[in-house]
Amino acid sequence: MPSHEQLRELLDPVTTVLLTVECQQGVVGPDSALPELAKEARSSGALANVARLVAGAHESGVQVIHAIAERRPDGRGASRNARLFRAAERLPVQQLAGSTAVRVAAPIEVAEEDFVVRRLHGLSPVQGTEVDALLRNLGCRTLIVTGVSANVAVPSAVFDAVNRGYTAVVPTDAIAGVPSDYTPAMIRNTLALVATVATTDEVLGCWKRPRPVTRA
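Now for a look at the structure at hand. Here the structure is a predicted model, which means the values were calculated and not measured.

## Some remarks on the nonpolar core
Within soluble globular proteins, side chains that are nonpolar generally end up buried alongside one another. Judged by nonpolar contacts, the single largest core of 32 residues is most densely connected at Leu11, Leu18, Ile108 and Trp207. Within the residue set of this core, elements represented by two or more residues are helix H2 (25–28), helix H3 (35–43), helix H4 (46–60), strand E2 (63–69), strand E4 (142–148) and helix H9 (200–206). Here the element with the most residues in this core is H4; it accounts for seven residues. By size, the runner-up hydrophobic cluster in this structure holds 29 residues, among which are Val17, Leu135, Ala150 and Val154.

## Observations regarding the pattern of salt bridges
Taken as a whole and assessed by the stated rule, the structure comprises eight salt bridges. As a salt-bridge pair, Asp132 and Arg136 come within 3.3 Å of each other at their nearest N and O atoms. Within this pair, Asp132 and its partner Arg136 are both found in helix H6 (residues 131–137), separated by four residues, close to a single helical turn. When the shortest N-O distance is used, the salt bridge between Arg164 and Asp160 registers 3.8 Å. Residue classification places Arg164 among the partly exposed positions, given a relative accessible area of 23%. With relative accessibility at 14%, the residue Asp160 sits in the buried group.

## Here's the deal with a nonpolar patch on the surface
Residues Phe159, Leu193 and Val194 make up a contiguous nonpolar surface patch of roughly 280 Å² in combined accessible area. Looking at where Phe159 falls in the secondary structure, it is placed in helix H7 (residues 153–163). The class for Phe159 is partly exposed, based on a relative accessible area of 34%.

## Comments concerning unusual backbone geometry
Between Ala106 and the following residue, Pro107, the backbone shows a cis peptide bond with an omega angle of 10 degrees. Relative to the helices and strands, Pro107 is located in the loop between helix H5 (83–88) and strand E3 (115–119). A cis geometry characterises the amide bond from Val148 onward to Ser149, with omega recorded as -5 degrees. With respect to the helices, strands and loops of the structure, Ser149 is situated in the loop between E4 and H7. Even without glycine at this site, Glu22 takes up a positive phi of about 50 degrees.

What counts as what
Residues numbered from 1 in each chain as written. Predicted model: local features only at pLDDT ≥ 70, side-chain atom pairs only at ≥ 80, totals over all residues. Heavy atoms only, no water. Core = buried A, V, L, I, M, F, W, Y, C linked by side-chain atoms within 4.5 Å. Buried < 20%, exposed > 50% of the residue type's maximum accessible area, 1.4 Å probe, protein only. Helix = DSSP H or I, 4+ residues; strand = E, 2+ residues; numbered from the N terminus. Salt bridge = Lys/Arg side-chain N within 4 Å of Asp/Glu carboxyl O. Patch = residues over 30% accessible without salt bridge, like charges linked within 9 Å, V, L, I, M, F, W, Y side chains within 5 Å. Areas by Shrake-Rupley, 256 points an atom, 1.4 Å probe, with all protein chains shown as cover.

So this is what it looks like as structure tokens:
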């Protein structure tokens, strides 16, 4: 674990971006297509902690990107090369473009300066989306990854960020997966090997004394 000063340096608001992964109504909301995951995200406090981090980022001048997974009503362009995708096609709640299912879920607040990046295919919010180009244009060096799920999309985002040269930070209490004991195992055995792990309070503590933020 890094010291507070090391973490604070790593989380400089000028070069840090906060990414929320699939924190959308159709995934973590009350009418989720994945009720077990939604329940875990809420009961564990992970979704509330994502909201706290987003609020803290807004106050401190840290850029926020919300990554949303959606599909067209006709399914064109959607991935079908894994069992996960084929199962998603049969779920009672579909993540259809323009529907309430693909809106960022409460209690997370979306600010005017936030980016909302939508993808129609794949597992990762980084690979094959606008996220990487936005990060580079924003001068990002550190990417904080939050949201769901610890099973698939969160580790995919972390691996893709590291492979592209960013330093990944994972707030351990701001991600969720199923079953509940899988998330700490994933963090301990996988994510901690490639990312800096911290808690929501530790991240927010680094932003308590905001520094002037200037972006190109």
